[in-house]
There are 2 protein chains.
Amino acid sequence: MRSELQFWFEFASTYSYPAAMRIEAQCAVVGVQLRWRPFLLGPIFAAQGWNDSPFNIYPSKGRYMWRDLERICMRAGLPLRRPTQFPRNSLLAARVACAAADAAWLPGFVRAVYHANFAEDRDIAAPAVLAEVLAGLGVAAEPILAAAQSSDVKQRLRAHTDEAMRRGIFGAPSFSVGEELFWGNDRLEDALAWQRTRADRVG
Amino acid sequence: MRSELQFWFEFASTYSYPAAMRIEAQCAVVGVQLRWRPFLLGPIFAAQGWNDSPFNIYPSKGRYMWRDLERICMRAGLPLRRPTQFPRNSLLAARVACAAADAAWLPGFVRAVYHANFAEDRDIAAPAVLAEVLAGLGVAAEPILAAAQSSDVKQRLRAHTDEAMRRGIFGAPSFSVGEELFWGNDRLEDALAWQRTRADRVG
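(A) Quick peek at helix H7 (residues 127–136) of chain A. Residues and elements named next belong to chain A. Within H7 the residues assigned to the buried category are Val 129, Leu 130, Val 133 and Leu 134. When H7 is viewed along its axis, its buried side chains cluster within an angular range of 135° and face the same direction. Turned more than 90 degrees away from the buried face of H7 sit Ala 128, Ala 135 and Gly 136, all of them exposed. Looking at the buried side of H7, the elements it contacts are helix H5 (91–99), helix H6 (106–118) and helix H8 (141–148). Gly 138 sits one or two positions beyond H7 and adopts a positive phi of about 75°.

(B) Up close: the interface of chain B and chain A. Tallying the contact residues gives 22 residues for chain B and 22 residues for chain A. Both faces considered, chain B and chain A share a buried interface measuring about 2,100 Å² in area, 47% of it formed by carbon and sulfur atoms. Counting the surface chain B buries against chain A, the share from its top three residues, Tyr 58, Tyr 64 and Arg 187 of chain B, is 26%. Between the two partners, chain B and chain A, sit 10 salt bridges. The closest approach of N and O atoms between Glu 180 of chain A and Arg 71 of chain B, which form a salt bridge, is 2.9 Å. Our count for the contact surface shared by chain B and chain A stands at 16 residue pairs in polar contact (both at pLDDT 80 or more). A per-element tally of the side of chain B that touches chain A places helix H4 (residues 59–76) of chain B first, with eight residues. For the side of chain B that touches chain A, the class distribution of residues is 10 nonpolar, three polar and nine charged.

(C) Structural detail: the sheet that holds strand E4 (residues 180–183) of chain B. All names here are of chain B. Read from one edge of the open sheet, four strands run E2-E1-E3-E4, paired in mixed fashion. The sheet terminates laterally at strand E2 (33–38) and E4, the two strands that pair on one side only. Strand-to-strand twist of the sheet, defined as the mean angle between neighbouring strand axes without regard to direction, takes the value 25°. The sheet contact formed by strand E1 (residues 4–9) and E2 spans six bridges and is parallel. Across the sheet, residue Gln 6 finds its bridge partner in E2, namely Arg 35.

(D) Expanded view of the nonpolar core. Counting 134 residues, the largest nonpolar core has Phe 11 and Phe 109 of chain A together with Leu 5, Phe 11 and Phe 109 of chain B as the members making the most contacts within it. For Phe 11 of chain A, the residues in contact, after removing those within four places along its chain, are Ser 90, Ala 93, Ala 94, Ala 97, Phe 109, Val 110, Val 113, Tyr 114, Asn 117, Phe 118 and Ile 124 of chain A.

(E) The pattern of salt bridges, seen in detail. Residues and elements named next belong to chain B. Applying the stated criterion across every chain, the model contains 38 salt bridges over all chains. A salt bridge links Arg 71 to Asp 68, with the shortest nitrogen-to-oxygen separation between them at 3.0 Å. With Arg 71 and Asp 68 both in helix H4 and three residues apart, the pair spans about one turn of that helix. Here Arg 71 falls in the buried class, since its relative accessible area comes to 7%.

(F) Main features of the relation of the copies chain B and chain A. Rotating chain B by 180° and translating it 0.0 Å along the rotation axis places it on chain A, where the RMSD comes to 0.0 Å. Here the transformation between the copies is reduced to the relation of a two-fold axis. In terms of proximity to the rotation axis, the leading residue of chain B is Asp 186 of chain B, whose C-alpha is 3.9 Å off the axis. The share of interface residues of chain B whose copies in chain A are also at the interface is 100%, consistent with both copies meeting through the same surface.

Scoring rules and cut-offs
- Residues numbered from 1 in each chain as written.
- Chains lettered and ligands numbered in written order.
- Predicted model: local features only at pLDDT ≥ 70, side-chain atom pairs only at ≥ 80, totals over all residues.
- Heavy atoms only, no water.
- Buried < 20%, exposed > 50% of the residue type's maximum accessible area, 1.4 Å probe, protein only.
- Helix = DSSP H or I, 4+ residues; strand = E, 2+ residues; numbered from the N terminus.
- Arc of directions from axis to C-beta.
- Contact = heavy atoms within 4.5 Å.
- Buried area = accessible area lost by both parts, 1.4 Å probe.
- Salt bridge = Lys/Arg side-chain N within 4 Å of Asp/Glu carboxyl O.
- Polar contact = N/O pair within 3.5 Å; in protein donor to acceptor, adjacent residues only side chain to side chain.
- Nonpolar A, V, L, I, M, F, W, Y, C, P; charged D, E, K, R; others polar.
- Pairing = 2+ DSSP bridges.
- Axes fitted to C-alpha atoms, helices over the stretch in contact; angles between N-to-C directions.
- Core = buried A, V, L, I, M, F, W, Y, C linked by side-chain atoms within 4.5 Å.
- Least-squares fit on C-alpha atoms with pLDDT ≥ 70 in both.

Following this line, the structure appears as C-alpha cells:
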C-alpha cells in the first residue's frame, strides 16, 4: 500500500471539518488512494496533561481558531455554525466509522457527521442523531449502531488511537504517507505532493 | 496606514525563520507596505503558564516541528542547522531591531540574525555575535548595541509585546492587517490576500 495516504481525523476537531469535506475529491484528482483513520484526541491530550481542548484551555488560541475556521469555511463555501458545545463527545461516531471501515458509505457518513456538528450544531454524541445521519445515507441504523458498541469495534478504535500516538500524532487532522507525518488542514496539499514524489521514487 | 501588513516576529521562533526570509520579497511582489514588529514570546507563554517553548514542553509537537521545518526549508532552498540551544535568548536582538525601527538596514539585520540562529547555530544572545552581524551589514555596532540597552528602547520592546498580547497574538510568526490576525508562516499568503481585498474595499 505504498501509494496510500492515511487521513487521521477526530469528529470533535474543528480543522478536521474542512479537511474531511475536501480530502476525497483532492485524492481523486491526483490519483492517490485514501484510507480513513478515525481516532480519538482525548487520550492523546490526556497524556499531555490536558483534560479539555487546548482551544478552551488557551483562550487566545481558541478565539483565533474560531475566526480562522470562519475564514477557511467562507473561502471553501462551507457552512459553519459555531457549535454550542465544544468539543462534542465523538466516541460513538468514531466507533461507527470504525465499524464501517469497509463500507462504501463511510466517506458520506464522515462528511455528514461533520456537517451535523459544525454546520447544524447537532449533538453527534446522541444515537438518535447518528441514526438519522445513517438513514439519510440509506443505511439501516440499528445493526450498525449495535456493531459500533461491540467489543471488537471498541478495540479497533483503541488500536487506531494507539497507532496515532505511536506515529507521533498530537492533533487533528493529520495525514501520513508511510512514516511521514503532516499536521493540519493546511498541510493536505503537502501530504499529497509528498505521496506523489514518493510514488515516483519507489514505483 | 490602511494598506500595511504588520509582521510580528520573535528571533527564537523556528517558523519565523522561513517567514522572515521571504516576507519582504512577497510584500514587494503584491505592493503591500510591510512593518516589522519584533516582540517577545516569553511573557506571552508565561501568561499561559509555560516557562519554556511548547515544542520542548510537548515532545511530539517538537519532533514534528523540527521535521516540518526541515521540509519547509528544503523546499524554500533555505539552509537549516538545528540549533544546539532552543529556544535561544532573543532579548538583545529584539532590542536592536527596536532601536533600528527606522533604519534601512533593519530587514537585512533581521534576516542575518535568523541565519545566524538557524543556519549557523550561533548564539544570538551574545553581543559579539550581534556586533559581527551588524558589521556584516556595514553598520557601526557599538552605538547601536548601546542604544539597544537604553530605557527608551527597552520600553519600546515591552510596548510591542503588550500590543501583541492585546491583539490576541499567542505565537510567532503572526501577521496583522488592521485588526485581522493570521498565525503561522503558512498564513502569509492569506494575510497578503486579505490585505489586498481590504485595500480594494476601503481604497
